[in-house]
Every structure is written in C-alpha cells, then in structure tokens.
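A look at the structure
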Amino acid sequence: MNKGRAMVQWAAPAALALLVMLPRLASPQFGLLDDGLTLETGREMIGRWSGVLALIPETGRFFPAYWLVYSAVFAVVGARPLAFFVVNVAVLAGLLAVLTRLVRLSGGTAMQVAVALVVFATCGPAVEAFYTLSKAEPLQMIWIGVTLLATAASAGEPRRGRRTAFVVAAASALLLAYTTKETSVALIPISLGWVVIEWASGTRRPAARFATTFAAINVVAAVAFVALRWRYAAPLGQGTYTRAYSLALDTLGPALFRIVAWIVRDFAFLLPLLAVAVVLLRQRHAPWRRPILYACVWMVGWLAVYAPWPATFEYYLLPFAFGAAIFAGAAVGGLARASAPAVSSVTRRAVWSALAASGLLWMAAVVNAAADGRVQLAVDRANTDAVDFLAGLPRGGRIVLNTTDAVEYIYELPMHLSEIKRRPDLVVQPAGISAAGAPSTADVVVATPTVTNRPGPTVRVAVYEAGARHDLSRLGEMLRDGGELIYTTEQRVRVVELGLQRLLCRVARRPFIDPSYCQTDRGLVHAATFVYAWQVHRLSSPPASRVAETLR
C-alpha cells in the first residue's frame, strides 16, 4: 500500500507536467527571442566549457551555469525544438516532484500537495516559462529546489558525515542557482527572514537548524558568486545591461505597478486565502503556521528583487509562483480543518465563502494562462513559418527587417537562419541601414511582422500595434518604386482576457503606474481574435543605397 502510494506521488508530477505541456509538444518551435543566441552559444561552447565564465562580460550579466546547461543540452539534441521542450517537460516534472516533497516535509496532506501542484503547473508564469526556451527561471528553481531538499535532509541527519555531505550538496546546488540567474540573491533576505521566524517562535531542531543552515549556505554561495562575478563581469552600475537596475522613483514606481498588476491578473485567488491566513496565523501552534509564514516571506522576497528593474515579464514571477503554490496548499488545508463539523456554523460559512471566492478567482487566472499559451504558440508558429520561407531565398540575398519594436529580431533572425537553416550567406539588416559590402545585384526582400488585438499584459510579444502601423507606412514608402508581395503567413487565435488588473488603473497615480497596462478600449472582460502575421515583399531591383535612404 505504501509502495503504491509512493509510486502515485512520483507519477503524479510527471503526468501533470506532460498534460500541461501537451499543446507545446504538439507544436514545438524555436522562438525569435533569445533562442538563436542560445543555439549559437551552445554550439560554440561545446568542448570548451570553461568559456561560459567569460561570456558577454560587458553587459554586467554573469550566469555561466545557464549557458553550461543549455550548451550541454545542445550537445546532446542539436537544433531540435521538440527535444528542447522534452527537456522542459522533465524540468517541470522535477519541480513538481520537489514541490511535492517540500509540502510533505512541512506536514502537508495529500490534498495540500494536490492544490500546490495544480496551482503551480497551471499558473501564467509557468506557462510562459515552460512554453518558451532560453528562460533561466526553470533551471534556477531546480537548483534552489535541490538546495532546499538537501538542507532539509541535513537538518534531520544525526550522523555528522552524511550531514556534511548534504550541506556540501546544498551549497553546490545553490551556487549553480546563483550562476544561473543573478536574482537568486533574493534568497539571502528570504533565508534571514526564516531565521527570524524560528527565533521568534522559540522552536528547536530540526526546523531552526534548517533555517540557520540555509542562511549560512546562502552567505557562502553569495560570497563565491560575488568573487566569480568580480573576476569575470563588469560591475552592476557599469554593465551595458545591468546599469538599468535602479532605485530611482521613476523606475521603482512603474515597476511596482506592473508587479501588482501581474499578481492581480494571475494570483488574485490568493487574496481570500491571505485574509483567512491572517486569522490562522493567530493560532500559534497550528501545523500550517510555519508553511504560511515561510511562503509569505518567500513571495515578498521574490517580488522585491524585481522592483528596481525597468521591465516586468510574467515569467519573472515563476519563483514567486512556487511560494504561492505552497501558500495556497497550506491555506486551503487550514481552511479544510476550520470547516470541520465541530466548528460553529458562522465559521464554516466564512470558510466556504473564502474557498468559493478563491476557486472562482483561480478559474479566472487559468483562463488568462490559457490565453497566454495560445498567444505564445501562435507567435512561434508564424515566426517559424517566416524563417522557413526566408531560408529558401536565393543565395546571397538580403533581408530588410522592417520593424520598429522587435529589435531583438534583428539579431535573432540571422542566428536562426545560420544555426537552424544553415543559411549564413543571407544578410539581415534593419530598415534604413544598408549592408556594408552587399552587392547591388542581390535580391532584396522586406520582411514585416504585424500584430492585431495584442492582449495586454501577456507573454512577450515583441511587436506592438502602434509600431506595426508605423512599419506598414514605412513599407509603403519602400515600395514606391515597385515591388511585389511574395509571401504572407498569419496565425489567428481567439483570446479571452479577464483583466482584473485594469481595476488598478482607476486608482493608480503617477509615478506608481504604467500606462501601457491600462488600455482604455478594454474592460474587465475582453474577447478578440489575436492576429500575428508576416509579409515579405521583393523590391524591384533597387540599388543598395535605395534601402538605406528609406525613412525610418
């Protein structure tokens, strides 16, 4: 019986991961946001693994463990998107297994485990993080999960040798987390917060040992990370990328608004549970007290680390979602106990009202997560179709990428053509800039991505409607001497947005607002057909300078 239950506990995370990822596995494509760079770097690092320490030092970024893992994956599977997404399924299953174990170690029941797993696997950040490649958060969370489990094992291990081995394993995994994504430094204040919780509660081993060991491991890993970073990367304030990290109010204000907007959109179901958790926390010796407190500290820490950053994407919240899942499981477990027949009818009604409200809000979050998945698949399908067509152009052809917003495509498209399609001879240039040394007799095509009814906020879509309208106007200018449409591709999906976050726009004021999140033409419920498309025109034998003269 126990053996069968253990098999179910291990099989359930894998089955849930596979179920969530089925649409992506049925339609696997590389994306035009970072995947080309990942493939190119992966190929270059094969056989010279130490080179990951010295990648892009001028940016101020330092995440060699990320490059190391993806290079290893590339070495095994090559440029095969399906294989990369199979790896994502395995990582998601592993995270769900870690989540299961952590909930069990905290005294959670089977129901609490189920709630935590479903909440995490179906949330918006998980959909974007695992429906795309080249995201650091899944790998980051795997290493952190291993650290938590190894630390917990060391706290309960009476033998010094084995305890030391677990601590070393935990520290090693945590250093990998730090060098996978730098935001892992959020674990330092989180671990100190857990120490304060144990100190205030006056508990003894193993909970207190776990908290203090985890804090000590974080300090050791952070020191090692800082030493490596100091040696191989530019300082935060001097990196071309990291200098954007700022505590200025004009950065903090909009960032805080965006973070709150994402939470309201994807995690509003936590609010009824949080209200009840405040009551549950008053029961000092309740079994759910520590998991709730730990999860709250965890969630706050992972939100604070992104407040000084001028961009806020949904997948950034994957670590927050991990703590939110544990919190939801613990709170629902506490509510279930509070609804026992021995409890007063008034309390039972309050409990069931909170559960009903949370359930309805969770369903709204799932609707938004499903919309995110549909948008991501549509964008990747259209991008792949466009790359496939462009890869069939005559040798030595030039591609003018006509886009205002999708600047990443300018760097990613040639990488896709080179790494996946084996067409390094094709020259890609942005509109308005001539390609140095390009022959004037080469075929010149203009590729223009467009978007209609772009949801907001949603997964990263590099093209915006205002920019696309400008691009179409510029395209007309480029075609004034003649040209022909030689290719078009279009993906259309019906999307329903439940925009609870738009309620914030009615009360927010500058500087604590991001106007791009407050579309005035949309209400709380907005249904529309999202259209993402590409047009490719062949210019009528223009001289090389003609494209360069085109107005931006």
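Here, the structure is the one placed above.
None of the values given here were measured: they were computed from a predicted structure. Per chain, residue numbering runs from 1 following the sequence as it is written. Totals for whole chains, interfaces and linings use every residue, but because this is a predicted model, local features are given only for residues with pLDDT of at least 70 and side-chain atom pairs only at 80 or more, for both listing and counting. The side-chain figures draw on all heavy atoms in the structure; neither hydrogens nor water molecules are used.

1. Comments concerning the overall build of the protein chain
Each helix corresponds to a stretch of at least 4 residues labelled H or I by DSSP, and each strand to a stretch of at least 2 residues labelled E; elements are numbered beginning at the N terminus. Helix and strand counts for the protein chain come out as 18 helices and five strands. When its C-alpha atoms are laid out on the principal axes, the protein chain stretches across 80 × 55 × 50 Å. Scored against the burial criterion, the 552 residues of the protein chain give a buried share of 54%. Shrake-Rupley sampling with a 1.4 Å probe provides the accessible areas, and residues are treated as covered by the protein chains on show and by no other component. When the accessible surface of the protein chain is totalled, it reaches about 23,800 Å², and 65% of it is carbon and sulfur. Within the protein chain, the 33 negative side-chain charges are centred at a point lying 15 Å from the centre of the 52 positive side-chain charges. Accessibility here uses a 1.4 Å probe with only protein chains present; expressed as a share of the type maximum, an area under 20% marks a residue as buried, one over 50% as exposed, and anything in between as partly exposed. Under the convention used here, Asp and Glu are negative, Lys and Arg are positive, and both His and the chain ends fall outside the count. For the purpose of locating charges, the reference atoms are NZ of Lys, CZ of Arg, CG of Asp and CD of Glu.

2. What to know about the packing of aromatic side chains
Each aromatic pair joins two rings of Phe, Tyr and Trp (for Trp, the six-membered one) with centres within 6.5 Å, and gets the label stacked for planes under 30 degrees apart, edge-to-face for over 60, and tilted for any other angle. Here the structure, examined in full by the defined rule, presents 29 aromatic pairs. Here Y70 and F84 contribute two aromatic rings whose centre-to-centre distance is 6.3 Å and whose plane-to-plane angle is 10°, an arrangement assigned as stacked. Here the residue Y70 occupies a position in helix α3 (residues 64-77), and F84 occupies one in helix α4 (residues 81-105), the gap between them amounting to 14 residues. Looking at Y70, the relative accessible area reads 8%, which means it is buried. We call a charge positioned above a ring when the Lys NZ or Arg CZ atom is no farther than 6 Å from the ring centre and deviates by at most 35 degrees from the ring normal. Residue placement shows K135 over the ring face of Y315; its charged tip is 4.8 Å from the ring centre.

3. As for empty space enclosed by the protein
Buriedness of a pocket was judged along seven lines, with at least five required to meet protein on both sides within 12 Å; pockets are open sets of points on a 1 Å grid over the protein atoms alone, cavities are sets where a 1.4 Å probe fits but cannot get out, and lining residues have an atom within 4 Å of a point. Grid points are joined across faces, edges and corners, and a volume is the space filled by probe spheres set on the points. Taken as a whole, this structure holds six cavities of 30 Å³ or more when the rule is applied. Roughly 150 Å³ of volume is contained in the largest cavity. Forming the walls of the largest cavity are 18 residues, and the residues nearest its centre are G31, L33, T132, Q376 and D380. The dominant element in the lining of the largest cavity, judged by the number of residues it contributes, is helix α15 (residues 345-390), at four residues. When grouped by side-chain class, the residues that make up the lining of the largest cavity number eight nonpolar, five polar and five charged. Of the volumes computed, that of the second largest cavity is approximately 110 Å³. Forming the boundary of the second largest cavity are 13 residues, of which S106, G108, Q112, P291 and A330 lie nearest the centre. Of all the elements, helix α14 (residues 318-338) adds the most residues to the lining of the second largest cavity, at four residues. Classes in brief: Ala, Val, Leu, Ile, Met, Phe, Trp, Tyr, Cys and Pro nonpolar; Asp, Glu, Lys and Arg charged; the others, Gly included, polar. Residues that form the lining of the second largest cavity fall into these classes: seven nonpolar, five polar and one charged.

4. Quick look at the side chain of T403
In this fold, T403 is placed in the loop between β1 (398-401) and α16 (407-419). Polar contact is the term for a pair of N or O atoms within 3.5 Å; when the atoms are in protein, one must be able to donate a hydrogen and the other to accept it, and sequence-neighboring residues count only if both atoms are side-chain atoms. In this structure the side chain of T403 is engaged in a polar contact, spanning 3.1 Å, whose partner is the backbone nitrogen of A406. Here, residues are in contact when the closest pair of their heavy atoms is within 4.5 Å. Discounting residues that sit within four places of it in the chain, T403 has contacts with P449, D471 and R474.

5. A look at the sheet that holds β1
Two strands are counted as paired when DSSP detects at least two bridges linking them. Pairing is mixed across the open sheet formed by five strands, whose spatial order is β2-β1-β3-β5-β4. On the outer flanks of this sheet lie β2 (427-430) and β4 (483-498), each paired with one strand and no other. For this sheet the average axis-to-axis angle between neighbouring strands, irrespective of direction, equals 20°. Two elements, β1 and β2, share four bridges in a ladder whose sense is parallel. Residue pairing in the sheet places V400 in a bridge with Q429 of β2. Axis lines are fitted to C-alpha atoms, over the contacting stretch for helices. Their N-to-C directions set the angle, which ranges from 0 to 180 degrees. Each of β1, β3 (444-452) and β5 (525-539) is contacted by helix α17 (residues 465-478), which is oriented at about 150° to β3, the strand it contacts most.

6. Looking at the pattern of salt bridges
For this analysis, a salt bridge means a side-chain nitrogen from Lys or Arg found within 4 Å of a carboxyl oxygen belonging to Asp or Glu. Under the defined criterion, the tally for this structure stands at 22 salt bridges. A salt bridge links D425 to R423; the shortest N-O distance between them is 2.7 Å. Shared partners join several salt bridges into a network, and the residues in it are R265, D266, E314 and D372.

7. Structural notes on the environment of V167
In this structure, V167 sits in helix α8 (residues 160-178). Residue classification places V167 among the partly exposed residues on the basis of a relative accessible area of 28%. Each C-alpha atom of the pair V167 and S246 lies 35 Å from the other, and the pair is 79 residues apart in sequence. Setting aside chain neighbours within four positions, we find V167 in contact with S154, T213 and I217.

8. Observations concerning the packing of α8 against helix α10 (residues 207-232)
In contact at an axis separation of 9 Å, α8 and α10 are set at 50° when each is read in the N-to-C sense. When the interaxial angle is binned, α8 and α10 end up oblique. Seen along the crossing, α8 lies across α10 with a hand that is right-handed. For the pair formed by α8 and α10, the contact residues are R163, V167, A170, A171, L174, L175 and Y178 on the first element and R209, T213, I217, N218, A221, A222, A224 and F225 on the second. Across the contact of α8 with α10, the residue classes break down as eleven nonpolar, two polar and two charged. Convention used here: angles under 35 degrees read as roughly parallel, angles over 145 as roughly antiparallel, angles from 65 to 115 as roughly perpendicular, and any remaining angle as oblique. Crossing chirality is assigned from the near helix's rotation relative to the far helix, an anticlockwise turn below a right angle marking it left-handed and a clockwise turn marking it right-handed.

9. Focus on the pairing of β1
Burial along β1 is two-sided: the residues R398 and V400 and I399 and L401 are all buried. We call a crossover right-handed when, viewed with both strands directed away from the observer, the connection leading from the first strand over the helix to the second proceeds clockwise. Between the parallel elements β1 and β2, the chain passes through α16 in a crossover that is right-handed. Relative to β3, β1 runs parallel, the two being bridged by four bridges. Paired with R398 across the bridge in β3 is V444.

10. Thoughts on helix α11 (residues 249-267)
To estimate how far a helix should reach, multiply one less than its number of residues by 1.5 Å. Between the first and last C-alpha of α11 there are 26 Å, a value that for 19 residues agrees with the 27 Å anticipated at 1.5 Å per step. Burial within α11 is extensive, with 14 of its 19 residues counted as buried.

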